[in-house]
Every structure is written in C-alpha cells, then in structure tokens.
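# Report on the structure
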Amino acid sequence: LWVSSADYRTDVAVSPNILKQIAEAYRKIRNTCRYLISNMYDYTPQAMQIPYKELVEIDRWALLKLYQLQKKVTEAYENYEFHTVFHSIHNFCAVDMSAIYLDIIKDRLYTYQPDSQMRRSAQQTMHEIVTALVKMLTPILSFTAEEIWEYLPHDEKEVTVQIAGWPVLKETYNHPELEE
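Residues numbered from 1 in each chain as written. Predicted model: local features only at pLDDT ≥ 70, side-chain atom pairs only at ≥ 80, totals over all residues. Heavy atoms only, no water.

With that settled, consider the environment of Ile-50. With respect to the element layout, Ile-50 can be found in the loop between helix H2 (16–38) and helix H3 (57–78). Placed 67 residues apart in sequence, Ile-50 and Gln-117 show a C-alpha to C-alpha distance of 8.0 Å. When residues no more than four places from it in sequence are discounted, the contact partners of Ile-50 are Leu-55, Gln-117, Arg-120, Ser-121 and Gln-124. (Helix = DSSP H or I, 4+ residues; strand = E, 2+ residues; numbered from the N terminus. Contact = heavy atoms within 4.5 Å.)

Now the structure itself:
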C-alpha cells in the first residue's frame, strides 16, 4: 500500500511516520469494507434486486460517487498513476462512505424492518459498492481483497477475486445533479 501511495516519478520518501499514516489509511479502507459486508448478512443480491429508479436518493448519490471513483481509478491504473488510485480510494472510504453515506444510512440499517424496501435499497447499494471496491483494490491489496471476496456473495465460478474481472462502469449511475 505504501508503494502505491507514492508518486514514483519523484523521490519516494519513507519514514516511521509515513508508514504509520499508511497503516491508518489501510485500516480505514479495511474497516469501511468490513462495515459494508457486516450489514449485508441477510441480503441476497439475485433475489432482492430493486430497480435503480426505486432506490432511495442518498443510495443513488452513493452510486454516483462509486461511478466517479471507478472512472478515476480505471484511468489512473491505465496511466500507471498508482498514487492516484490509493488517494482516490482512501478519500472515497474516509469521506464519501464513512463521514457521509454510512453515517446517514445507519439508522435505516438498524431500525427498519429487515425486508423493508428502504433497508434493501441501502443493502443493494452497499453490495454494489463493496463488490466494485474490492475489485479495484485487488492490484494493490491482493491479500486483503481476497479476504473480503470470501465474504461477498458472487458467482461460484469466480472462486477468487483475481479472476472476477474489472468492475463494469454503469452509466446509469452518472447523475451529477444528485451531488447538488
């Protein structure tokens, strides 16, 4: 993770403080994935799909943020800008997910009826996010990505995240007006 966080086109610095910061960033990414997975224990993606237009607005906003992240990370990988991958994913986990989205939806996850459409909307969104996120993390955090993959519902043919393929960029999620 440290290697991917550094811009290799300039001098690469390392120190105990830098490694401590990277460890904190790693914990934020890992804990965000853990939180997403832990709230999908009673969710089956194939059986509980809700059409995109029926998702709660904040869930559609989260999918917009995922769309933007996927676009930026894909471009960064294609251009070998691994530091952009790291910083984008970390920012997504720390700000968009932890500080905003997950904080807003926690009451819906914990207090609504297990089969309510509003709760399922959040679970569907979290499933979409963590599935795409783990695939984007695989090149830089392969062992952590594999651990996460074990707990996600996925196609039985995809026994490892290494063969799962890159997440598909879904244009239906691109609604910039949701940011307003």
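Further notes follow.
Here the focus is a nonpolar patch on the surface. A cluster of nonpolar residues, Tyr-8, Val-12 and Tyr-80, forms a patch on the protein surface that exposes about 340 Å² of accessible area. Along the chain, the position of Tyr-80 falls in the loop between H3 and helix H4 (82–111). (Patch = residues over 30% accessible without salt bridge, like charges linked within 9 Å, V, L, I, M, F, W, Y side chains within 5 Å. Areas by Shrake-Rupley, 256 points an atom, 1.4 Å probe, with all protein chains shown as cover. Salt bridge = Lys/Arg side-chain N within 4 Å of Asp/Glu carboxyl O.)

Attention shifts here to the confidence of the model for the protein chain. On average, residues of the protein chain carry a pLDDT of 94, and 100% of them reach 70 or more. Model confidence for the protein chain, summarised as mean pLDDT per element, is weakest for helix H1 (residues 2–5) at 94 and strongest for H3 at 98. (pLDDT = per-residue confidence, 0-100.)

Attention now goes to unusual backbone geometry. Here Tyr-80, not a glycine, exhibits a phi torsion of approximately 60 degrees, which is positive. Look at Tyr-80 and you get exposed, because its relative accessible area is 52%. (Buried < 20%, exposed > 50% of the residue type's maximum accessible area, 1.4 Å probe, protein only.)

Relative orientation of the contacting elements H3 and helix H5 (residues 117–137) amounts to 10 degrees, with a least axis distance of 10 Å. If you check the angle between H3 and H5, you find them roughly parallel. In contact with Asp-59, Ala-62, Leu-63, Leu-66, Leu-69, Gln-70, Val-73 and Tyr-77 of H3, H5 contributes Ser-121, Ala-122, Thr-125, Glu-128, Ile-129, Ala-132, Leu-133 and Met-136. (Axes fitted to C-alpha atoms, helices over the stretch in contact; angles between N-to-C directions. Parallel < 35°, antiparallel > 145°, perpendicular 65-115°, else oblique.)

Two elements in contact, H3 and H4, have axes separated by 10 Å at closest approach and are oriented at 170 degrees. In terms of their interaxial angle, H3 and H4 are classed as roughly antiparallel. Each residue belonging to the contact of H3 with H4 can be placed in one class, and the counts come to 17 nonpolar, two polar and five charged. (Nonpolar A, V, L, I, M, F, W, Y, C, P; charged D, E, K, R; others polar.)

Here we come to the pattern of salt bridges. Scanning the model with the defined rule gives nine salt bridges in all. In this structure, Arg-27 and Glu-24 form a salt bridge, with 2.6 Å as the shortest nitrogen-oxygen distance. In this pair, Arg-27 and Glu-24 are both assigned in helix H2, three residues apart and thus about one turn of the helix distant. Residue Arg-27 is classed as partly exposed on the basis of its relative accessible area, which comes to 40%. Glu-128 is the partner of Lys-170 in a salt bridge, and the nearest nitrogen-oxygen pair spans 2.8 Å. A residue pair is termed long-range when its members are at least 10 positions apart, and Lys-170 in the segment after helix H6 (142–150) and Glu-128 in helix H5 qualify at 42 residues. Lys-170 gets classed as partly exposed once you look at its relative accessible area, which sits at 32%. Counted as one network, the salt bridges with shared partners bring together Asp-7, Arg-9 and Glu-81.

Turning to H5, a few remarks are in order. The end-to-end C-alpha separation of H5 is 30 Å, in line with the 30 Å expected for 21 residues at 1.5 Å each. Burial runs high along H5: 18 of the 21 residues are buried. (Expected span 1.5 Å × (residues − 1).)

It is worth spelling out the side chain of Ser-4 at this point. Inspection of the secondary structure assignment puts Ser-4 in helix H1. Residue classification places Ser-4 among the buried positions, given a relative accessible area of 7%. Here Leu-1 takes part through its backbone oxygen, which lies 2.8 Å from a polar atom of the side chain of Ser-4. Leaving out residues up to four positions away in the same chain, Ser-4 has contacts with Phe-82, His-83, Phe-86 and Ile-140. (Polar contact = N/O pair within 3.5 Å; in protein donor to acceptor, adjacent residues only side chain to side chain.)

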